[in-house]
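Descriptive analysis of the structure
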Protein chains: 4
Amino acid sequence: MLSFCRRLRIKGSHARLPGTQVLKARCYASAGSRPGFDWEDPLLTKDLLTEEELAISETAERYCQEHILPRVLQAYRNEHYDPKILEEMGDLGLLGATIDGFGCAGVSTVAGGLITRAVERVDSGYRSGMSVQSSLVMGGIYEFGTAEQKEKYLPSMAKGKLLGAFGLTEPNHGSDPGSMECIARRHPHKSGYYLLSGSKTWITNSPIADVLLVWAKLEQTGKIRGFLVERRDCPAGTLETPAIKNKTGLRASITGMIHLDDCPVPEANMFPDVEGLKGPFSCLNSARYGIAFGTMGALEDCIFHARAYALERKQFKGNPLAKYQLVQKKLADAATDVSYGILAAIQVGRLKDQGKATPEMISMIKRQNCDRALHNARALQEIFGGNAVSDEYGVGRHVANLFVTQTYEGQSDIHSLIIGRAITGVQAFA
Amino acid sequence: MLSFCRRLRIKGSHARLPGTQVLKARCYASAGSRPGFDWEDPLLTKDLLTEEELAISETAERYCQEHILPRVLQAYRNEHYDPKILEEMGDLGLLGATIDGFGCAGVSTVAGGLITRAVERVDSGYRSGMSVQSSLVMGGIYEFGTAEQKEKYLPSMAKGKLLGAFGLTEPNHGSDPGSMECIARRHPHKSGYYLLSGSKTWITNSPIADVLLVWAKLEQTGKIRGFLVERRDCPAGTLETPAIKNKTGLRASITGMIHLDDCPVPEANMFPDVEGLKGPFSCLNSARYGIAFGTMGALEDCIFHARAYALERKQFKGNPLAKYQLVQKKLADAATDVSYGILAAIQVGRLKDQGKATPEMISMIKRQNCDRALHNARALQEIFGGNAVSDEYGVGRHVANLFVTQTYEGQSDIHSLIIGRAITGVQAFA
Amino acid sequence: MLSFCRRLRIKGSHARLPGTQVLKARCYASAGSRPGFDWEDPLLTKDLLTEEELAISETAERYCQEHILPRVLQAYRNEHYDPKILEEMGDLGLLGATIDGFGCAGVSTVAGGLITRAVERVDSGYRSGMSVQSSLVMGGIYEFGTAEQKEKYLPSMAKGKLLGAFGLTEPNHGSDPGSMECIARRHPHKSGYYLLSGSKTWITNSPIADVLLVWAKLEQTGKIRGFLVERRDCPAGTLETPAIKNKTGLRASITGMIHLDDCPVPEANMFPDVEGLKGPFSCLNSARYGIAFGTMGALEDCIFHARAYALERKQFKGNPLAKYQLVQKKLADAATDVSYGILAAIQVGRLKDQGKATPEMISMIKRQNCDRALHNARALQEIFGGNAVSDEYGVGRHVANLFVTQTYEGQSDIHSLIIGRAITGVQAFA
Amino acid sequence: MLSFCRRLRIKGSHARLPGTQVLKARCYASAGSRPGFDWEDPLLTKDLLTEEELAISETAERYCQEHILPRVLQAYRNEHYDPKILEEMGDLGLLGATIDGFGCAGVSTVAGGLITRAVERVDSGYRSGMSVQSSLVMGGIYEFGTAEQKEKYLPSMAKGKLLGAFGLTEPNHGSDPGSMECIARRHPHKSGYYLLSGSKTWITNSPIADVLLVWAKLEQTGKIRGFLVERRDCPAGTLETPAIKNKTGLRASITGMIHLDDCPVPEANMFPDVEGLKGPFSCLNSARYGIAFGTMGALEDCIFHARAYALERKQFKGNPLAKYQLVQKKLADAATDVSYGILAAIQVGRLKDQGKATPEMISMIKRQNCDRALHNARALQEIFGGNAVSDEYGVGRHVANLFVTQTYEGQSDIHSLIIGRAITGVQAFA
């Protein structure tokens with residue numbers, strides 16, 4: 001077996017990335033044998049990770065702190081997403097990392113989660129951009145694609161040279177994709193082709209994607225099928241992917257719509273077997289796992305900054321804010337939820353690799369971790385008092401982002417009903 | 001007694017304002033004799049208002065909906081505050097409205113609160129801009145100024161032609177202004193003058209203000225005193241008021257710093273008698289009252305939009321979101337809190353006019369109404385699902401704004417301790 | 001107009017009640033002109049009361065503190081309810097106090113609420129016993145009874161010499177009384193009589209009631225009608241009212257079932273006109289108003305005891321618990337909610353007297369006040385630490401009681417849906 | 001190595017216990033290979049247990065469901081604790097199970113936690129009785145006792161034939177035992193003896209204990225030391241252990257005081273080396289671990305009953321309560337918290353066995369699991385509506401018990417400050 005380092009293409013140093021410098025302030029995955037209480041990992045979750053996973057986490061954290069953290073403030077302000085980030089991630093082997101073969105690292109589900117945590121520690125938008133590439137599109141192709149589709153797309157997607165987008169949600173159908181209106185009908189003249197028509201919205205990466213995995217109902221069967229729409233092959237006017245601007249969160253990621261107007265797609269670009277919601281839901285399941293793990297990184301970053309601020313900021317007779325009970329309680333609550341959330345994410349990751357994870361488990365950790373990340377990030381933001389309104393502390397950005405993670409890929413209330421149905425056997429959606 | 005309409009200078013129509021049109025969609029202060037349940041005023045708080053107060057509210061609401069609502073989206077996106085808004089408000093008599101004389105309307109405290117509610121229904125930032133002018137600066141001059149100071153400043157401030165700012169908070173002293181470092185020392189050469197030095201931060205309107213009410217410690221006594229610093233009289237280099245950009249909330253208001261470097265201020269511009277924190281705290285008390293009432297307007301706007309969206313948006317078998325229990329509970333919670341909050345604001349307003357209100361009462365309603373407005377606005381935002389990330393629904397803007405209202409003019413935890421001290425007689429700040 | 005004092009039969013002293021003594025420790029409705037912050041009435045709600053209401057409140061508080069408080073600990077431990085309490089209350093004119101005529105005091109709705117607050121300050125169970133008599137049965141007879149029924153029952157019920165119970169809830173139909181199974185069919189032999197059959201459960205006072213207002217479906221119409229079942233007239237075996245023991249709350253009240261087995265009731269004992277759920281819902285509406293006001297009394301008592309304990313109990317270097325921020329926050333939260341809750345109750349009471357109150361308003365204040373009373377009582381209970389497990393502090397008893405108030409006469413979730421329906425126009429019960 | 005079954009003395013059947021019957025309704029630790037979602041173990045925590053641990057859990061669950069569940073309702077009503085329960089538990093090897101040797105089973109910390117979970121699934125009071133025996137007293141003797149003390153006490157305590165109590169808390173010193181007043185002074189006449197004086201309160205099992213581990217300050221050093229006080233050796237009048245009755249929770253356990261009045265204790269009964277709070281805190285640490293795991297059992301029982309009730313109870317058009325979104329959310333929340341809580345308890349148990357657990361970790365899981373158990377139990381209780389007031393559903397009993405678990409062995413706020421101190425390095429107790 002190839003070692004992880006070779007598979008992740010970390011050959012010696014990070015020197016080829018611009019702006020590399022020694023990471024000293026924060027070290028996430030290293031410590032190891034400390035016997036005491038580690039506020040950055042209160043329940044010693046690192047103990048549950050393999051050497052390989054620790055190394056992957058360390059690599060990902062280092063890259064994110066050194067290379068994407070310095071860009072995020074401006075990116076968020078300007079709603080600018082630099083697609084080179086995906087190429088850099090690809091360079092390090094971070095894309096589609098849980099896929100085995102096709103130039104991918106083939107690491108554990110937990111290792112994949114650690115990567116999302118590292119990225120989301122910087123920004124949920126960057127993690128979203130990566131999740132779409134890795135879980136939704138590459139994961140979809142790997143699970144449902146033909147051998148040809150895999151060979152054609154996965155290697156260059158793994159390198160971040162070919163970018164993907166995932167088109168499921170429609171303007172009128174958010175929580176209920178089964179009612180989608182996007183349609184694929186047989187091309188009336190051109191054999192072996194379908195014509196796709198319809199609109200998708202809130203599609204991360206759509207404006208920059210080279211290949212768009214679009215879910216549409218096959219006219220003749222009424223069943224949902226997946227199509228790989230390649231932008232370069234689309235005749236003018238059949239595909240448009242306008243960006244949606246002025247977002248209230250995830251501004252460091254790029255989001256757009258997909259408009260298809262009789263866009264011709266070869267039958268060879270359709271997923272061969274999967275029909276109905278099973279396909280997109282399976283992709284979402286992987287992505288949701290990444291969100292469950294990733295949001296813990298965002299919350300950890302909030303704790304890091306709130307703690308530092310509370311220790312540094314002094315009010316009333318020179319006491320640091322950290323001395324106030326109401327401040328300590330917020331920190332204690334957040335540290336608890338992050339520890340619990342990581343344990344749950346590791347557990348479900350292990351079960352996933354053993355084939356024992358169910359979608360309801362993913363719903364449970366996606367819902368809970370997003371909810372708790374958001375709740376605690378908001379409470380920690382209060383520690384900054386009036387200064388919280390400055391975007392330079394980063395916590396406000398996390399708060400805005402985490403709200404979005406709570407609403408996408410299954411809003412929390414919807415997941416409540418999924419879990420409730422699994423517990424009671426009764427469905428309560430309508 | 002002059003009628004309110006004359007005092008508020010509503011002489012016939014709003015025709016002189018650009019873009020006037022008939023307000024039809026929403027009518028806040030009119031209804032009256034409906035016997036049924038009014039979801040816009042569930043506990044019929046209107047019943048507690050006088051005819052005059054209803055008329056003021058109607059005027060303010062109409063102006064805000066017709067004239068400032070159309071500007072807010074762009075203003076917020078671009079962090080642009082149009083000072084003409086204060087002039088328009090002055091034109092209608094909305095500035096310093098509770099002040100009697102000096103060209104002010106002399107309306108009740110509750111009427112003043114209704115004005116803030118109308119403005120904050122559009123945006124907390126616009127309300128902040130107005131609160132600074134009305135409560136903090138005009139209120140301060142009215143309460144503590146000399147007869148000359150009142151005559152000199154209040155009439156043109158009431159018209160919105162002279163703009164004010166209030167300089168209390170310093171970079172290192174947020175919740176604890178008593179430790180301020182800003183200093184006023186006797187001018188070594190120029191008799192009857194003080195030299196002011198120090199920095200203030202998070203000062204609403206500072207970059208555009210003509211007159212800045214700056215609180216500083218008098219060198220010889222160590223006591224805090226108030227100074228009216230007129231920008232046009234400051235020698236170059238002695239006063240700077242840079243704007244703070246990239247805010248995470250209140251982006252439709254303008255915020256800045258105040259840097260004073262041996263800035264000469266005539267003794268005649270010092271408040272004559274008030275010493276210590278009594279001065280600024282009294283001003284804050286009025287402003288906080290406005291916040292307590294104003295945030296209810298922001299929450300009402302969130303309810304309005306969330307309800308409309310829930311009725312219009314259909315998911316799962318064509319049911320509107322409004323049919324879902326989890327959605328209805330969010331609406332019921334918000335409607336309850338807004339009703340209770342308005343009742344409390346009216347009660348404290350009445351007591352204030354009777355001289356029975358205490359600062360702790362203001363702490364209580366400021367804290368509770370901000371907290372509940374924020375909490376419910378966040379819950380209502382969830383109703384929008386993924387669409388919440390679009391800034392066009394407005395709820396995300398309110399959420400971002402309301403977080404700031406919770407942290408400024410006394411962060412909620414600080415107010416908890418103020419109330420706690422009043423209940424127990426024991427102080428727990430340090 | 002008779003003065004209130006005569007109507008409430010307070011002729012000079014409370015001397016006729018055993019154990020009377022001067023009330024000094026606590027004085028609820030007296031203070032008046034204090035200019036400062038009054039932690040027992042933070043928003044000076046007393047200011048909204050008339051002289052008469054203040055006097056009624058004072059009378060009720062004095063009676064409750066002097067005469068029923070000393071009995072409650074044993075009563076709760078032993079699940080014993082002393083029916084003499086209702087007679088004492090009748091003696092003071094506290095029963096059916098809002099009814100005009102028939103020996104009742106004819107006071108305002110707010111005055112009626114102040115009475116429930118006084119009683120519930122001691123115990124929700126005692127208030128329940130009174131509410132059944134006053135609101136559910138006397139109120140029902142007054143609103144829907146014939147002139148004969150009123151004359152026959154109200155005067156002796158007002159004196160507490162004839163006790164009532166209200167039979168609506170059935171074992172299988174709690175939140176949904178419209179599905180009741182209790183039936184009234186024409187007596188096959190005896191003209192002018194109905195035979196009632198069916199079971200009611202969770203009926204306060206049923207085991208001791210002389211007259212039971214039972215709601216049953218008329219066989220011929222299928223419509224719900226109200227019947228006044230007099231125990232002394234029921235042949236053996238046709239009426240049974242076993243007590244339900246081992247309750248987890250409201251143990252100082254007596255609760256039971258009603259079993260009717262072809263129980264003959266004269267047609268003259270049926271309410272003449274009211275059909276359907278309008279009848280019982282109207283009675284419940286009055287009772288719910290009393291709960292909304294009453295629970296505030298229970299919460300006030302929790303604040304009183306928690307504050308006293310926090311000031312007296314010292315931990316860590318001799319500091320009273322009151323010095324801890326986490327303790328102060330609990331007190332501040334509770335004081336806020338109780339102030340807001342009382343304002344809302346007063347507002348709805350005033351509207352009720354003007355004919356402007358709607359059932360949804362009652363749902364709103366019943367739900368909110370019960371929820372907040374319970375939430376805060378639980379938080380205050382934490383202040384007692386391990387000592388909370390002793391029943392002598394009373395807070396645990398209030399917590400257990402308040403949970404029940406949240407579930408009876410409309411569980412909070414049901415009221416959420418009532419309010420939600422009123423806001424959206426869409427019903428979400430099923 | 002002896003097999004677990006021999007160590008736990010399960011030789012063939014449970015036949016020697018009265019009333020044994022086949023357990024069919026609920027099976028907690030068996031399932032195993034089910035591929036789907038298991039609402040009783042949503043995140044498949046069983047997967048983390050060894051075969052031995054599963055067997056121990058099964059044994060404990062079976063015993064508790066068959067033998068102590070049938071007694072708890074009456075025991076709780078009557079505040080009666082049957083000491084035979086400890087003997088039965090001893091018989092099965094459940095007491096001091098994590099101790100190696102001295103007739104104890106020597107199982108893992110997690111296995112010990114599974115036992116507390118099984119017992120607390122029935123009642124927190126029964127678990128408290130066991131925790132005192134196992135963790136506080138046996139654990140204390142095992143960790144700090146002399147070889148002679150261990151030999152003398154542990155074997156008969158393991159069999160449940162000698163009962164222990166743990167005397168730390170004093171009437172005036174709950175959260176702050178360091179200020180204790182209980183004193184041990186050298187016997188003025190009798191060499192090798194100490195005289196103990198002082199009072200302890202809220203001592204589980206004190207009225208029935210044979211040996212009381214009492215912590216007192218040694219007069220000559222002022223340092224806290226541990227003494228094993230044997231009841232049978234105490235002269236009349238020197239030891240009294242009155243029961244405390246009328247508790248609001250944990251009524252199925254017995255609680256009392258310890259009064260020592262110059263009670264002579266031989267020096268041989270003092271723990272040899274441990275001084276200060278290290279001794280009692282170490283014992284509490286073990287007990288707190290048991291609480292963290294145990295409370296999850298109580299919450300699981302609440303879920304079990306609430307789910308069953310929600311499926312069975314029908315309202316509005318015959319829909320089961322389980323169909324209501326507001327009900328499903330409560331179940332989903334509880335199931336999530338219980339899964340997360342068990343994962344955290346397992347993790348800390350594993351770390352404890354590896355010597356990596358710190359007291360702050362125990363604080364974290366004790367606080368969080370008690371808080372979440374209580375919070376969710378209360379929410380689930382709401383599902384029962386008015387019926388919740390009947391003690392036969394058991395949920396009200398769990399709610400009352402869980403409140404106590406939140407306040408004893410470190411009230412949650414205290415644990416917040418312990419965690420906060422560990423995170424910030426700043427202490428905020430005073």
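About the thresholds
Residues numbered from 1 in each chain as written. Chains lettered and ligands numbered in written order. Predicted model: local features only at pLDDT ≥ 70, side-chain atom pairs only at ≥ 80, totals over all residues. Heavy atoms only, no water. UniProt positions renumbered as here; feature names shortened; annotations may be inferred. Contact = heavy atoms within 4.5 Å. Buried area = accessible area lost by both parts, 1.4 Å probe. Salt bridge = Lys/Arg side-chain N within 4 Å of Asp/Glu carboxyl O. Polar contact = N/O pair within 3.5 Å; in protein donor to acceptor, adjacent residues only side chain to side chain. Helix = DSSP H or I, 4+ residues; strand = E, 2+ residues; numbered from the N terminus. Nonpolar A, V, L, I, M, F, W, Y, C, P; charged D, E, K, R; others polar. Buried < 20%, exposed > 50% of the residue type's maximum accessible area, 1.4 Å probe, protein only. Pairing = 2+ DSSP bridges. Phe/Tyr/Trp six-rings, centres within 6.5 Å; stacked < 30°, edge-to-face > 60°. Domains from an automatic or database assignment. Least-squares fit on C-alpha atoms with pLDDT ≥ 70 in both. Expected span 1.5 Å × (residues − 1). Axes fitted to C-alpha atoms, helices over the stretch in contact; angles between N-to-C directions. Left-handed = near helix turned anticlockwise from the far one by under 90°. Disulfide = S-S within 2.5 Å.

Going by an unreviewed UniProt entry, chain A carries the name Glutaryl-CoA dehydrogenase and comes from Phialemonium thermophilum. We quote the UniProt Cofactor (unreviewed entry) comment for chain A here in full: "FAD".

Counting residues at the interface gives 43 residues for chain B, matched by 43 residues for chain A. The junction of chain B with chain A conceals about 3800 Å² of combined surface from both sides, 55% of it contributed by carbon and sulfur atoms. The tally of links from chain B across to chain A stands at two salt bridges. Viewed at the interface, chain A and chain B are joined by 19 residue pairs in polar contact (both at pLDDT 80 or more). Every element with two or more residues in the side of chain B that touches chain A is listed here: β10 (314–315), α8 (325–353), α9 (359–383), α10 (395–407) and α11 (412–424) of chain B. In terms of residues, the side of chain B that touches chain A owes the most to one element, α10 of chain B, which gives four residues. Broken down by class, the residue content of the side of chain B that touches chain A amounts to 13 nonpolar, 18 polar and twelve charged.

All names here are of chain A. The element strand β7 (residues 224–230) is largely enclosed, with a buried count of seven among its seven residues. Of the two faces of β7, the one carrying I224, G226, L228 and E230 and the one carrying R225, F227 and V229 are both buried. One ladder, built from seven bridges, connects strand β6 (residues 211–218) with β7; its direction is antiparallel. Among the inter-strand pairings, K217 is bridged to a residue of β7, identified as I224.

The description of two aromatic rings rests on the distance between their centres and on the angle between their planes. All names here are of chain D. Within the structure shown, the criterion is met by 44 aromatic pairs over all chains. Ring centres of F144 and F271 lie 6.2 Å apart, and the angle between their planes is 40°; on these two criteria the pair is classed as tilted. With F144 in helix α5 (residues 124–144) and F271 in the loop between β9 (255–266) and α7 (278–312), this residue pair connects regions lying 127 residues apart in the sequence. F144 gets classed as buried once you look at its relative accessible area, which sits at 9%.

Often, the extent of an interface is quoted as the loss of accessible area upon association of its parts. All names here are of chain A. Looking at the assigned domains, one finds that chain A contains domain 1 (32–158), domain 2 (164–269) and domain 3 (278–424). With 33 residues of domain 1 at the contact, the number on the domain 3 side is 41 residues. The junction of domain 1 with domain 3 conceals about 3100 Å² of combined surface from both sides, 59% of it contributed by carbon and sulfur atoms. Three residues stand out in domain 1 for area buried against domain 3, namely W39, T109 and R117, and they jointly supply 20% of the buried area on that side. Summed over the shared surface of domain 1 and domain 3, the result is six salt bridges. One salt bridge connects E392 with R77, and the closest N-O pair in it is separated by 3.7 Å. The interface formed by domain 1 and domain 3 contains 16 residue pairs in polar contact (both at pLDDT 80 or more). For the side of domain 1 that touches domain 3, the secondary structure elements donating two or more residues are α2 (51–78), α4 (109–122) and α5 (124–144). Of the residues assigned to the side of domain 1 that touches domain 3, the class counts are 13 nonpolar, eleven polar and nine charged.

Let us now look at the relation of the copies chain B and chain A. Each of the two chain copies can be brought onto the other by rotation about an axis and movement along it. For the match of chain B to chain A, the screw axis carries a shift of 0.0 Å, the RMSD comes to 0.0 Å, and the turn is 180°. The two molecules are tied by a two-fold rotation axis, judged by turn and shift. Considering only C-alpha atoms, the part of chain B nearest the rotation axis is A400 of chain B, at 4.2 Å. In this assembly, 100% of the residues forming the interface of chain B have copies in chain A that are likewise at the interface, indicating an isologous arrangement.

On the side of chain A, 55 residues touch chain D, which itself brings 55 residues to the contact. Surface buried jointly by chain D and chain A totals about 4700 Å² across both partners, of which 64% is contributed by carbon and sulfur atoms. Of all residues in chain D, the largest losses of buried area upon contact with chain A belong to F37, Y340 and I423 of chain D, amounting jointly to 16% of the total for that side. Inspection of the region where chain D meets chain A yields four salt bridges. Put simply, chain D and chain A have 26 residue pairs in polar contact (both at pLDDT 80 or more) between them.

UniProt tags residues 50–161 of chain A as "domain: Acyl-CoA dehydrogenase/oxidase N-terminal" (unreviewed entry). Between the first and last C-alpha atoms of residues 50–161 of chain A the distance is 30 Å; the span itself is 75% helix and 4% strand.

This paragraph deals with the pattern of salt bridges. All names here are of chain A. On inspection of all chains with the given rule, the structure shows 120 salt bridges over all chains. K330 serves as the salt-bridge partner of E382, at 3.0 Å between the closest nitrogen and oxygen. You can see E382 sitting in helix α9 (residues 359–383) and its partner K330 sitting in helix α8 (residues 325–353), a full 52 residues away along the chain. Exposure remark for E382: the relative accessible area of 16% places this residue in the buried category. Since its relative accessible area comes to 12%, K330 is described here as buried. What you see here is one network of salt bridges that share partners, running through E61, R117, R121 and E300.

To continue, consider helix α10 (residues 395–407) of chain C. Residue and element names in this part refer to chain C. Here α10 contains 13 residues, and its C-alpha end-to-end distance of 19 Å stays within 8% of the 18 Å for a straight helix at 1.5 Å per residue. For α10, the buried fraction is high: 13 of the 13 residues fall into the buried class. Once α10 ends, the next one or two residues include E409, with phi positive near 50°.

In the superposition of chain D on chain A (RMSD 0.0 Å, axial shift 0.0 Å), the rotation amounts to 180°. Of the residues that chain D buries at the interface, 100% are likewise interface residues in chain A, meaning the two copies contact each other through the same surface.

Let us look at the packing of helix α9 (residues 359–383) of chain C against helix α11 (residues 412–424) of chain C. When two helices pack together, you describe them by how their axes are tilted relative to each other and by the distance separating the axes. All names here are of chain C. In the contact formed by α9 and α11, the axes pass within 9 Å of each other and the chain directions differ by 140°. For the crossing formed where α9 meets α11, the hand is left-handed. Contact with α9, carried on its side by E360, S363, M364, K366, R367 and D371, involves S412, H415, S416, I418, I419 and A422 of α11 and no other residues of that element. The class makeup of the residues in the contact of α9 with α11 is four nonpolar, four polar and four charged.

Right, let's get into the environment of N369 of chain C. Mapped onto the elements, N369 of chain C comes out in helix α9. Separated by 287 residues in the primary sequence, N369 of chain C and D82 of chain C have C-alpha atoms spaced 28 Å apart. Leaving out residues up to four positions away in the same chain, N369 of chain C has contacts with Y340 of chain B together with A292, T295, M296, G341 and A345 of chain C. Separated by 3.0 Å, the side chain of N369 of chain C and the backbone oxygen of A292 of chain C make a polar contact.

Okay, the UniProt feature "domain: Acyl-CoA dehydrogenase/oxidase C-terminal" (unreviewed entry) in chain A next. According to UniProt, the feature "domain: Acyl-CoA dehydrogenase/oxidase C-terminal" (unreviewed entry) maps to residues 280–423 of chain A in the numbering used here. Segment residues 280–423 of chain A splits into 78% helix and 3% strand. End C-alpha atoms: 24 Å apart.

As a further point, take the state of the cysteines. Residues and elements named next belong to chain A. For the coordinates displayed, the defined rule picks out zero disulfides over all chains. The thiol sulfur of C370 is not disulfide-bonded, and the nearest other cysteine sulfur, from C302, lies at 13 Å. Exposure remark for C370: the relative accessible area of 0% places this residue in the buried category.

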